[in-house]
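Architecture at a glance
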Amino acid sequence: MTATPAPRSPSIKALSPQKISALKVLVFILSLIPLGLLLLAFFQDELGANPIETITHATGDWTLRFLLITLAVTPLRKLTGWHWLLRLRRMLGLFTFFYAVLHFGTYIVLDQFFDWRAVVLDVLKRPYITVGFAAFVLLVPLAVTSTNAMVRRLGGRRWQALHRSVYGIAILGVVHYWWLVKADVFAPLIYALILAVLLGLRAWWREQERRRQRAAPPPSATGRSQGRIIPILPQ
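Treat the numbers as computed from the prediction; the structure is a model and nothing was measured. (Residues numbered from 1 in each chain as written. Predicted model: local features only at pLDDT ≥ 70, side-chain atom pairs only at ≥ 80, totals over all residues. Heavy atoms only, no water.)

1. Re the side chain of Ser-146
Short version of the rule: A run of H or I in DSSP counts as a helix once it spans at least four residues, and a run of E counts as a strand once it spans at least two, with each numbered from the N terminus. Under the rule applied, a polar contact is a pair of N or O atoms within 3.5 Å (in protein, one hydrogen donor and one hydrogen acceptor; residues adjacent in sequence only if both atoms are side-chain atoms). By definition in these notes, contact holds between two residues if any of their heavy atoms fall within 4.5 Å.
Take Ser-146: it is sitting in the loop between α5 (127-144) and α6 (148-154). Side-chain polar atoms of Ser-146 contact the backbone oxygen of Ala-143, separated by 2.8 Å. For Ser-146, the contacting residues outside a window of four places in its chain are Arg-90 and Leu-94.

2. Topic: helix α1 (residues 17-43)
Defined as follows: Multiply 1.5 Å by the residue count of a helix minus one, and that product is the helix's expected span. Throughout, exposure labels follow a simple rule: accessible area from a 1.4 Å probe, protein chains only, divided by the maximum for the residue type, with under 20% read as buried, over 50% as exposed, and the rest as partly exposed.
Taking 1.5 Å of rise per residue, the 27 residues of α1 would be expected to cover 39 Å, and the 39 Å separating its terminal C-alpha atoms lies within 8% of that figure. All buried positions along α1 are accounted for by Ile-20, Val-27, Ser-31, Pro-34, Leu-35, Leu-38 and Ala-41. For α1, the elements touching its buried residues are α2 (51-80) and α3 (86-111). Just past α1, the residue Asp-45 takes up positive phi, approximately 55 degrees.

3. Section: the packing of aromatic side chains
Spelled out, the test is: For this analysis, a ring pair means two rings from Phe, Tyr or Trp (six-membered ring only for Trp) whose centres lie within 6.5 Å, classed as stacked if their planes differ by under 30 degrees, edge-to-face if by over 60, and tilted for the remaining angles.
Here the structure, examined in full by the defined rule, presents 13 aromatic pairs. Aromatic pair Trp-62 and Phe-66: ring centres 5.8 Å apart, planes at 50 degrees, arrangement tilted. Here Trp-62 and its partner Phe-66 are both found in helix α2, four residues apart, which amounts to about one turn of the helix. What makes Trp-62 partly exposed here is its relative accessible area of 28%. Relative to Phe-98, the ring of Phe-95 lies with its centre 6.0 Å away and its plane at 90 degrees, an arrangement referred to as edge-to-face. Of this pair, Phe-95 and Phe-98 both sit in helix α3, three residues apart, roughly one helical turn. Residue Phe-98 is classed as partly exposed on the basis of its relative accessible area of 30%.

As structure tokens, then:
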């Protein structure tokens, strides 16, 4: 009598479309929690002596956190083999932009009361605002071109070249935070170290890929048969 094989446990490396959809809903809800907590503190009058400063700092912190989480998706995928993480990257990137808009909007509306002259003077005279403003402006085209339609319209290479600017944006974001706090740099130092690890892993993997490509033998003429190119290596 043959033994019935034990059912295979579901692998976290390969999630079904239904599970990925449920995970997207969960990530969406979790991403709104910081805003919900901020609104709750506002209605309960628990934002401290300077509510505008509290809101500005909280939205700025979460912008940087979501940006680093988004940048962590590719390294995590490479290290774990969880390819479904890529399905969450766009949403995380858009939440980065969402909190950046809240951060910038708080400064424009609540701090400066739409005083555009004061805003321009701040951007020109205060370096940390200059850097933060530059990061926000660079983030706008990434959010605008995040749809599949824009990927097709720009073409894969141009789209990737544009979205590589996220690395510079992350550096500007850390510098913005560092220059803002001036003395107590512990928190921005932590963000800077995380960013350095994420960018360092990318640089290392890219160098390894270049070395593999240089070491690979050139395609031989035997790869051609009857006018059709036969791939030498599996694609």
